[in-house]
Amino acid sequence: MAQVVFISDAHLGSGTDSLERERELCRLLDNVKADCKTLFLLGDMFDFWFTYRHLVPRGHTRLLGKLAELADNGVEIHFFIGNHDMWMFDYLEKEIGAVMHDEPEVFDIDGKRFLIGHGDGLGHLDKGFDVLRRIFRSRLNQRLFALLPSSITFPFARRWSDSNKDKHARANTLHYLGDDREGIVIYFKERLKKEHFDYCVFGHRHTPLVKVFSNTIYVNTGDWMLNRNYAVYNLESHSMRLYDCRTGKEIAPTAD
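> I keep staring at the sheet that holds strand S6 (residues 112-117) and nothing clicks. Help me out?
The strands making up a sheet associate through backbone hydrogen bonding, with each pair oriented either parallel or antiparallel. Overall, mixed pairing links the 5 strands, which are arranged S5-S6-S7-S9-S8 in an open sheet. Bordering the open sheet on either side are strand S5 (105-109) and strand S8 (208-213), each of which pairs with just one other strand. Shown here is a sheet whose adjacent strand axes are inclined to one another by a mean of 20°, direction ignored. Sheet analysis places S8 next to strand S9 (residues 216-221), joined by 6 bridges and oriented antiparallel.

Right under this line is the structure:
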């Protein structure tokens with residue numbers, strides 16, 4: 001049963017249960033590896049990552065080893081950087097041959113058009129975030145950040161990440177806000193005016209969702225931090241399914 005697997009938002013390194021989340025993720029990858037042809041990691045797999053020239057973040061060895069194993073066994077791996085692991089640069093590309101992406105991309109899979117990405121900064125609903133995103137993605141700022149020792153940069157990044165997640169929790173934004181308030185939906189609906197997609201698959205929102213827009217199926221992969229979600233496109237039945245790994249149940253499409 002050949003398949004394509006999509007996972008996002010594990011935020012490894014954050015929270016006291018990070019190691020257990022990593023183990024559960026590796027168990028899932030073990031379960032799907034026999035049939036998995038392509039693995040899409042849709043960003044924020046790590047809560048923070050900065051690739052120094054001779055230094056990588058401590059931890060995550062189980063997942064990194066599992067990804068290397070999958071790559072060695074012929075699984076094609078695509079990694080979309082998120083707003084938490086945007087500074088991964090070419091580490092996974094050089095180590096395991098992963099294909100790195102920093103913006104949404106179009107893929108032809110099984111004769112279907114997929115628009116795939118992480119999802120941060122789309123729709124431009126938060127002007128303040130747009131500014132921060134440009135600052136963090138600036139090559140000059142990245143070079144300046146690299147000059148600081150990791151004993152300063154990593155604790156700073158952890159505090160920033162935790163405060164950002166707390167802000168979203170307080171704002172109660174981790175649920176579907178409606179078609180006109182979801183940046184990802186606004187973005188791909190604008191693109192749909194010019195081109196056709198059979199599937200749009202994104203992460204970032206931590207909200208597992210399958211929703212049909214005209215003839216396009218929108219899938220948000222939820223997260224692996226709280227919900228343990230993942231999506232699978234079956235190359236034999238030509239169908240997309242979104243699952244809750246803890247219950248093993250499929251998440252049904254949302255009606256309008």
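> Would you explain the packing of helix H1 (residues 18-32) against helix H2 (residues 61-72) in this entry?
In a pair of packed helices, the angle between the axes and the distance between the axes together describe the arrangement. It is at 9 Å that the axes of H1 and H2 come closest, and there the two elements cross at 15°. Regarding the angle of H1 to H2, the classification is roughly parallel. By crossing handedness, the relation of H1 to H2 is classed as left-handed. For the pair formed by H1 and H2, the contact residues are Leu19, Glu22, Arg23, Leu25, Cys26, Leu29 and Asp30 on the first element and Thr61, Arg62, Leu63, Lys66, Leu67, Glu69 and Leu70 on the second. For the contact of H1 with H2, the residue count by class is 7 nonpolar, 1 polar and 6 charged.

> Help me understand H2, please; the structure alone is not making it clear to me.
Compared with an ideal rise of 1.5 Å per residue, which puts 12 residues at 16 Å, H2 spans 16 Å between its outermost C-alpha atoms and is within 8% of the ideal. Among the structural elements, H1, strand S2 (36-41), strand S3 (76-80) and helix H3 (91-96) are those in contact with the buried residues of H2. Glycine 74, located one to two residues past H2, shows a positive phi value of around 95°.

> Teacher, can you tell me more about the sheet that holds S3 here?
Taken together, 7 strands build an open sheet; the order of strands is S4-S3-S2-S1-S10-S11-S12 and the sheet is mixed. Edge positions in the sheet fall to strand S4 (99-101) and strand S12 (249-250), since each has one partner strand and no second. Here S3 runs beside S4; their pairing, made up of 3 bridges, is parallel. Counterpart to phenylalanine 79 in the pairing with S4 is methionine 100. Across the sheet, H1 lies against strand S1 (3-7), S2 and strand S10 (229-234), angled at about 170° from S1, the strand it touches most.

Cut-offs and rules
The residue count restarts for each chain, going from 1 along the sequence in the order it is written. Side-chain atom pairs in this predicted model are given and counted only at pLDDT of 80 or more, local residue features only at pLDDT of at least 70, and totals for whole chains, interfaces and linings cover all residues. The basis for the side-chain values is all heavy atoms of the structure; hydrogens and waters are excluded. Any two strands between which DSSP finds at least two bridges are classified as paired. By definition, any uninterrupted DSSP run of H or I lasting at least four residues is a helix, any uninterrupted run of E lasting at least two residues is a strand, and each is numbered from the N terminus. Working convention: axes come from line fits to C-alpha atoms, limited for helices to the stretch in contact. Angles between N-to-C directions cover 0 to 180 degrees. To sort the angles, those under 35 degrees are grouped as roughly parallel, those over 145 as roughly antiparallel, those from 65 to 115 as roughly perpendicular, and the leftovers as oblique. Put simply, a crossing is left-handed when the front helix is turned counterclockwise from the back one by less than a right angle, and right-handed when it is turned clockwise. In what follows, a contact means two residues having at least one pair of non-hydrogen atoms within 4.5 Å. All residues other than Ala, Val, Leu, Ile, Met, Phe, Trp, Tyr, Cys, Pro, Asp, Glu, Lys and Arg, Gly among them, are scored as polar; the first ten of these are nonpolar and the last four charged. Any helix carries an expected span of 1.5 Å times its number of residues minus one.

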